[in-house]
Each structure stands twice: as C-alpha cells, then as structure tokens.
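As a plain string of letters, each chain reads:
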Amino acid sequence: MNWHIQSKAIGLLDVDVYGPSIPKMMNLKGNPELSQSNLMRPLLNYGIACMSMGFLVEENEPVVWRGLMVMSAIEKLLRQRLYFFDFKVDWGQLDYLVVDMPPGTGDVQLSVSQNIPITGAVIVSTPQDIALMDAHKGAEMFRKVHVPVLGLIQNMSVFQCPKCKHKTHIFGADGARKLAHTLGLEVLGDIPLHLNIREASDTGQPIVFSQPESDEAKAYLRIAVEVVRRLPSLSE
C-alpha cells in the first residue's frame, strides 16, 4: 500500500476547549512562540504542526467558560486569532488541516462549520448503540450545514486476547457498519481495542510513529489513505 500521504504538510487543530487532548497525545507542551511579525507559530512534533487551547492554559487548569465565550474563542481561532491574545496563527503552507472536534452537535461544531470551508467530515464512533446515537446526530448535523460526510470510523471495534487470540466485541459487533448503511455512507476502517494504542497515546508517541509496522498502526494508515482518496486532489 502506498503511504505517500506521510510526505504531506499536515496541521492539527484541537478545538476541544474544555478537554484538549492533543498536547498530551502529541507530546507537546509550552506556549507557542511568536515570529517577528507577531504570528503565533504552532508547536511541531512528528512533522505535524499543532495548535490547541491546551498550549495556552496549565495542564490541570479547567477552562470555565460559558457557551458564548467558547463560540467567540473558536470563531477567532478559526479566523487565525485567539480569544485572549491578538496574535495570528502562522500555519504556513499546509496540504491538510485536520480539525479535532469534541463529540456532540453544539457550539463548537456550528462555529467550525460556519466559519471555514470544510472539505469533508469524518465521524468516529464505537459500535455501542449509545455512542452510535450521537454519531448519527453528528452525521445529520454536517449534512444540514452542507458539509460532506466522508464516512465513519469504527473505534474499539474488537479486542483480541494477547494470550489465547480469542476475539471479543466488547462494544458490540459492526454497529458502525449498520449505521453507515442507514446513512448511505461507507466505513473507512476499524481501529481495534488494543493496549498498544492506549499506551502510545498516553505517552505521547503516536503508534504510527512508535510502532509503524504493527497491525494497529497499519489500521490507522489504511484509514488515512481512505480519507485522502475521498478528498479532492491537491492538484485540482
């Protein structure tokens, strides 16, 4: 399989104001530096430029904001301005900007979809019925704001015992596939429930970098290829 997407310039924007996780998962901390022209530079690790509210507050400090403040923060961030700083964000020349949004269909999702052109949305859900209810609402929300839904990702799809190799569908089997069929969408891939993924995430070493030849890493890479395949060509 061709992993050419690894050579692209990628930015990662974390708009989960209340629970930003990108700093920990990407092993990044500290305040972004400013250029001579007062442009705030995203933090960089693993070749990916990252910006998150987590860089601007202490790790254990809660962001206690009402909904209107969150909307204002997101809107100004998307317009390349941060809520309590008057500095622009210098993303440079990117091929892809991935926006990591919290679950739900609230202020953040609406602010993002109304303030920037979005090429496509990807819905991530476990196969559990309760989670799929929210995933269904999320897909319908994007359709209502005219954002194409590229497909669904089934997370924590199966657990395989490391000793006996028996597979258990802890959260149910193929729930995302059933939802995708209902919505007329495709499943972009499955991510297993695996200790290696949890440990890599908690230590800030993405598994596609720390264990690139593992089956778990290849599952992520296959999904990345499927997402890119559904996006317009960069040459268009």
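Values in this document were obtained by computation on a predicted structure and should not be read as measured data.

Summarise the side chain of Asp-16; cite the residues concerned and give the values.
Locating Asp-16 in the fold gives a position in the loop between strand 1 (10-14) and helix 1 (22-25). Here Asp-16 sits buried without a salt bridge, and the closest side chain of opposite charge, Lys-24, lies 15 Å off (N-O distance).

Which residues make up the sheet that holds strand 11 (residues 187-191), and what values do they have?
Judged by pairing direction, the sheet is parallel, and its 3 strands sit side by side in the order 7-8-11 without closing on themselves. One side of each edge strand has no neighbouring strand; the edge strands of this open sheet are strand 7 (121-125) and strand 11. The mean inter-strand angle of the sheet, taken between neighbouring strand axes irrespective of direction, is 20°. In this sheet, strand 8 (residues 149-155) lies alongside strand 7 in parallel orientation, the contact comprising 5 bridges. Bridging from a neighbouring strand, Val-122 pairs with Gly-151 of strand 8.

Before we move on, could you go through the environment of Ser-210 and cite the residues and values that matter?
Position of Ser-210 among the secondary structure elements: in helix 7 (residues 207-210). Overall, the relative accessible area of 34% leaves Ser-210 in the partly exposed class. Through-space distance from the C-alpha of Ser-210 to that of Ala-200 is 7.4 Å; in sequence the pair is 10 residues apart. When near neighbours in sequence (up to four residues on either side) are disregarded, Ser-210 contacts Ala-200 and Gln-205.

So, the sheet that holds strand 3 (residues 43-45): which residues are in play, and what are the values?
Taking strand neighbours across the sheet as the criterion, the 4 strands line up as 3-4-1-6 in an open arrangement whose pairing is mixed. Each edge of the open sheet carries a strand with a single partner, namely strand 3 and strand 6 (96-100). The mean angle between the axes of side-by-side strands here comes to 25°, regardless of whether they run parallel or antiparallel.

Help me get a handle on unusual backbone geometry, residues and values and all.
Of note in the backbone geometry, Asn-27 takes a positive phi value of approximately 55° without being a glycine. Located in the positive-phi region is Lys-165, a residue other than glycine, with phi close to 70°. By secondary structure assignment, the location of Lys-165 is in the loop between strand 9 (159-160) and strand 10 (167-168). Assessed through its relative accessible area of 52%, Lys-165 is described here as exposed.

Parameters and conventions
- Residues numbered from 1 in each chain as written.
- Predicted model: local features only at pLDDT ≥ 70, side-chain atom pairs only at ≥ 80, totals over all residues.
- Heavy atoms only, no water.
- Helix = DSSP H or I, 4+ residues; strand = E, 2+ residues; numbered from the N terminus.
- Buried < 20%, exposed > 50% of the residue type's maximum accessible area, 1.4 Å probe, protein only.
- Lys, Arg positive; Asp, Glu negative; His and termini not counted.
- Salt bridge = Lys/Arg side-chain N within 4 Å of Asp/Glu carboxyl O.
- Pairing = 2+ DSSP bridges.
- Axes fitted to C-alpha atoms, helices over the stretch in contact; angles between N-to-C directions.
- Contact = heavy atoms within 4.5 Å.

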